[in-house]
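Residue-level structural notes
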Amino acid sequence: WSSDPVTTLQLDRNDPSIQIVCDGRKVGFQIDPTQINVEDWIGMSFTVEIGQISTAGIKSKSNLFNLNGNPIERNVKFKKTFGNIDLNQASTSFTVTLTEVNYCLDVTSEACANEIENKIALLLALSPSDQSRIEVESATNISKGVVEARIKILPQEYNVGQGTRKLRYGEISSNGFPSDRSVDLFRKLQVAVEGEQNHGRILAVDVSSSDFGNAIIGVRDMKILPSDSDMKLLITDPETIKEEEELYMFGSMK
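Since we're looking at a predicted model, the values are computed, not measured.

Time to look at the pairing of strand β1 (residues 18–23). Sheet analysis places β1 next to strand β2 (residues 26–31), joined by six bridges and oriented antiparallel. Across the sheet, Q19 pairs through a bridge with Q30, a residue of β2. The turn linking β1 back onto β2 is made up of two residues, and G24 within it adopts a positive phi angle of 65°.

Under the counting rule described, the total for this entry stands at four aromatic pairs. Among the aromatic residues, those joined into a cluster by ring pairs are F29, W41, F46 and F82.

In this section: the sheet that holds strand β5 (residues 91–98). Read from one edge of the open sheet, four strands run β6-β7-β5-β10, paired in antiparallel fashion. With partners counted over all chains shown, the strands left at the sheet margins are β6 (134–143) and β10 (216–225), one partner each. Each strand axis lies, on average, 15° off the axis of its neighbour in the sheet, ignoring direction. Both β6 and strand β7 (residues 146–153) contribute to a ladder of eight bridges, which runs antiparallel. Across the sheet, residue S143 finds its bridge partner in β7, namely V146. The sheet strands contacting helix α1 (residues 110–124) are β5, β6, β7 and β10, and the helix crosses β6 at an angle near 105°.

Summed over the entire model, instances satisfying the criterion amount to one disulfide. Here C104 pairs with C112 through a disulfide, and the sulfurs are 2.0 Å apart. Across the disulfide from C104 to C112, rotation about the S-S bond amounts to roughly 90°, and the bridge is consequently right-handed. What makes C104 buried here is its relative accessible area of 3%.

Positive phi, normally seen in glycine, also occurs at A125, with a value near 55°. Topologically, A125 is positioned in the loop between α1 and α2 (128–131). Judged by relative accessible area, A125 falls into the exposed class, the value being 63%. Phi at D221 is positive, roughly 55°, even though this residue is not glycine. The topology assignment puts D221 in strand β10. Given the relative accessible area of 43%, D221 is considered partly exposed.

Let's shift gears to the side chain of S182. Relative to the helices and strands, S182 is located in helix α3 (residues 182–202). Here T92 takes part through its side chain, which lies 2.8 Å from a polar atom of the side chain of S182. Residues in contact with S182, not counting those within four places in the same chain, are A90, S91, T92, R133, I153 and L154.

F94, V96, I116, I120, I151, L189 and I216 are the most contacted members of the largest nonpolar core, which has 30 residues in total. Sort the elements by how many residues they give to this core and α1 lands first, with six residues. Setting aside anything within four residues of it in sequence, one finds I151 in contact with T92, S93, F94, V96, I116, I120, I134, E135, V136 and E137. F46, I72, V76 and F78 belong to the second largest nonpolar core, which has five residues in total.

Another aspect to go through is the pattern of salt bridges. The tally for this structure, following the rule as stated, stands at eight salt bridges. Between R133 and D130 there is a salt bridge, with its nearest N and O atoms 3.6 Å apart. Grouping residues by exposure puts R133 and D130 together as buried. Ionic pairing is found between E148 and R220, a salt bridge with its closest N-O pair at 2.9 Å. Of the two residues, E148 sits in strand β7 while R220 sits in strand β10, which places them 72 residues apart along the sequence. Connected through salt bridges with shared partners, the residues E39, R181, D184 and R187 form a single ionic network.

The rules behind these values
- Residues numbered from 1 in each chain as written.
- Predicted model: local features only at pLDDT ≥ 70, side-chain atom pairs only at ≥ 80, totals over all residues.
- Heavy atoms only, no water.
- Pairing = 2+ DSSP bridges.
- Helix = DSSP H or I, 4+ residues; strand = E, 2+ residues; numbered from the N terminus.
- Phe/Tyr/Trp six-rings, centres within 6.5 Å; stacked < 30°, edge-to-face > 60°.
- Axes fitted to C-alpha atoms, helices over the stretch in contact; angles between N-to-C directions.
- Contact = heavy atoms within 4.5 Å.
- Disulfide = S-S within 2.5 Å.
- Buried < 20%, exposed > 50% of the residue type's maximum accessible area, 1.4 Å probe, protein only.
- Polar contact = N/O pair within 3.5 Å; in protein donor to acceptor, adjacent residues only side chain to side chain.
- Core = buried A, V, L, I, M, F, W, Y, C linked by side-chain atoms within 4.5 Å.
- Salt bridge = Lys/Arg side-chain N within 4 Å of Asp/Glu carboxyl O.

Below is the structure:
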């Protein structure tokens, strides 16, 4: 793994923040945004090389092989750049698991959505205006009183005259509190849930118990959703489409 020469960021294949998949004819990787400081990676360029990676004076014994044991004929190497998105305008979606849910017999009901939103807002100590930034996109009953829901947290806004303006990170809002980007609120929720889980383990508390904190027992599958204006900037350059098609064709060869 390599980054630009100004700032060096490294990931080892065993780090929990990078997930490498080698299945059949498919090789890929994904970086888990819940395990890194996203700000450090935005706009960074990186190079990926797949195959036999040797260094000066040391020939690697590792390589990429097909199902018949034949090594890859040549390394695949390409360079990409993480989108330079504005986190102040981005939304964040994730999946949350809740227990002690009372009003989700019908997971499509307004009462169910309100209960889920209230539980998240309570743990985050959100004001009523900030609670409106939480959207329940879908919900599923896992077992009695246990619900899994897909949540979206919208970017922060407040009224200025007749319009709205998004607060910059660290800026103080009119109520005297620091602004919170959607990704910041996710991190706050993640830390709070992990803290309560650790507290429960120390006290040997069953996480399904009604005495367990706010009854949110897990958050996962976080995604940062760029604003509409940023999405236009992230559209694949037509000049690189041909390169990606060639890489796909090469990766699909038997």
